Amino acid sequence: MNVLVTGGAGYIGSHTVVELLESGHEVVVVDNLCNGSEVALSRAEEITGRSLVFVRADIRDRVAMDAVFAEHHIDAVIHFAGLKAVGESVEKPLAYYENNVNGTLVLCQAMEAAGVRRIVFSSSATVYGSEAPVPYVETTSRGTTSNPYGTSKAMVEKMLEDLVAADSRWSVTLLRYFNPIGAHPSGKMGEDPLGIPNNLMPFIAQVAVGRRDELTIFGDDYPTRDGTCERDYLHVVDLAVGHLKALEARHESGVAIFNLGTGQGVSVLDMVDSFVRVNNVPVPYRVGPRRAGDLPAFWADATKARDELGWVAEKTLDDMMADTWRWQSANPKGYEN
């Protein structure tokens with residue numbers, strides 16, 4: 001299958017590219033590199049021994065997207081491209097709607113013009129909203145999102161659902177997942193955020209490797225067992241495999257929704273303690289005020305993905321910690337090395 005991966009030079013996208021290449025698919029990556037690296041794609045080729053096509057372009061550029069579909073025979077799209085920082089979305093909501101919602105609109109217009117109507121969308125568990133019961137299940141309706149990032153994901157989901165309702169030839173898979181962490185076990189690929197990390201795991205790793213002085217834990221007064229936020233942390237390789245299985249398993253038209261997760265909530269303090277224990281490195285931290293838009297706790301029920309896609313999260317929290325440190329210690333400055 002010839003697969004277009006938008007945002008394929010980013011953290012989750014590049015790991016998914018590895019799984020696609022190892023499974024024999026041909027891959028075209030479109031990325032504007034605002035949150036990605038060409039080095040990640042080179043290492044994906046190195047790991048797999050296979051080549052890919054990279055086009056540096058923005059999915060909001062209709063001319064560029066039309067050219068991609070004209071020059072490459074694309075069978076399906078896995079759509080990652082989008083801004084993803086919760087805190088930043090609260091500060092810059094228009095940027096998130098412009099990039100995430102309008103970007104997907106332009107992508108779908110280009111797909112429609114090219115006759116490509118099969119898409120796997122990288123959505124988010126935040127679309128369930130703060131009022132949804134935990135664990136989240138796919139039959140729960142989208143709720144009231146707590147930040148513009150989550151709202152942009154919900155808007156894209158609704159747009160794709162409306163597209164299917166209008167044209168039954170479209171096949172849309174919505175993957176709702178939680179907090180991907182870890183790195184490729186080779187140590188050659190991992191999370192390398194630009195600037196100060198917005199997510200917990202790369203911040204822990206950068207403190208451990210000496211790039212940051214200390215970790216700030218945003219709030220320790222949440223209604224959880226240790227007062228810190230609880231999340232469903234998922235190994236990025238498991239997540240990448242989930243995208244591959246969703247692509248390969250779904251051939252029919254219509255909309256399908258799947259949660260991808262471990263089904264377990266892990267607190268921020270659990271994460272720090274596990275990293276220190278597994279890797280035997282110190283991670284100094286302090287507690288700061290809560291971060292706008294954060295929910296206290298959520299995790300997934302991924303039974304549907306197991307039953308219909310044959311997917312389960314196989315890697316443990318210790319695997320996530322060890323793989324993260326293998327990547328970060330071997331690449332202390334990320335892909336800049």
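Before reading further, recall that the structure is shown in the block above.
Residues numbered from 1 in each chain as written. Predicted model: local features only at pLDDT ≥ 70, side-chain atom pairs only at ≥ 80, totals over all residues. Heavy atoms only, no water.

A. Molecular detail of the pairing of strand 4 (residues 76-79). Along strand 4, one buried face is formed by Ala76 and Ile78 and the opposite face, lined by Val77 and His79, is buried too. Bridge analysis of strand 1 (residues 2-6) against strand 4 gives four bridges, and the strand direction is parallel. Within the sheet, the bridge partner assigned to Thr6 lies in strand 4 and is His79. Of the strand pairs in this sheet, strand 4 and strand 5 (residues 118-122) are connected by three bridges, and their pairing is parallel. Residue Val77 lies in a different strand from strand 5, and its bridge partner there is Ile119. (Buried < 20%, exposed > 50% of the residue type's maximum accessible area, 1.4 Å probe, protein only. Helix = DSSP H or I, 4+ residues; strand = E, 2+ residues; numbered from the N terminus. Pairing = 2+ DSSP bridges.)

B. Inspection of the layout of surface pockets at higher detail. Of the volumes computed, that of the second largest pocket is approximately 530 Å³. What lines the second largest pocket is a set of 28 residues, and nearest its centre among them are Asn35, Asp192, Pro193, Leu194 and Gly195. Where the lining of the second largest pocket is concerned, the elements lending two or more residues are helix 1 (11-22) and helix 2 (38-48). Of the residues assigned to the lining of the second largest pocket, the class counts are 12 nonpolar, nine polar and seven charged. (1 Å grid on protein atoms, 1.4 Å probe; cavity = no way out; pocket = protein on both sides within 12 Å on 5 of 7 lines; lining within 4 Å. Points joined across faces, edges and corners; volume = space filled by probe spheres on them. Nonpolar A, V, L, I, M, F, W, Y, C, P; charged D, E, K, R; others polar.)

C. Quick peek at empty space enclosed by the protein. In this structure the tally under the stated criterion is one cavity of 30 Å³ or more. Reported here for the largest cavity is a volume of approximately 50 Å³. As for the largest cavity, its lining consists of Tyr11, Gly182, Gly190, Glu191, Met201, Pro202, Ala205, Thr324, Trp327 and Gln328. Secondary structure elements with two or more residues in the lining of the largest cavity: helix 7 (200-208) and helix 11 (317-330). When grouped by side-chain class, the residues that make up the lining of the largest cavity number five nonpolar, four polar and one charged.

D. Summary view of the environment of Val101. You can see Val101 is positioned in helix 5 (residues 93-114). Taking the C-alpha atoms as reference points, Val101 and Met159, separated by 58 residues in sequence, lie 8.8 Å from one another. In this structure Val101 touches Tyr96, Ser152, Met155, Val156 and Met159, once residues within four positions along its chain are discounted. (Contact = heavy atoms within 4.5 Å.)

E. View of the packing of helix 1 against helix 2. Following both chains from N to C, one finds helix 1 and helix 2 inclined at 30°, their axes separated by 9 Å at the closest point. Relative to helix 2, the element helix 1 is oriented roughly parallel. Crossing angle aside, the handedness with which helix 1 passes helix 2 is right-handed. The residues of helix 2 that touch helix 1, namely those facing Ser14, Val17, Val18, Leu21 and Glu22, are Ala40, Ala44, Ile47 and Thr48. Residue composition of the contact of helix 1 with helix 2, grouped by class: six nonpolar, two polar and one charged. (Axes fitted to C-alpha atoms, helices over the stretch in contact; angles between N-to-C directions. Parallel < 35°, antiparallel > 145°, perpendicular 65-115°, else oblique. Left-handed = near helix turned anticlockwise from the far one by under 90°.)

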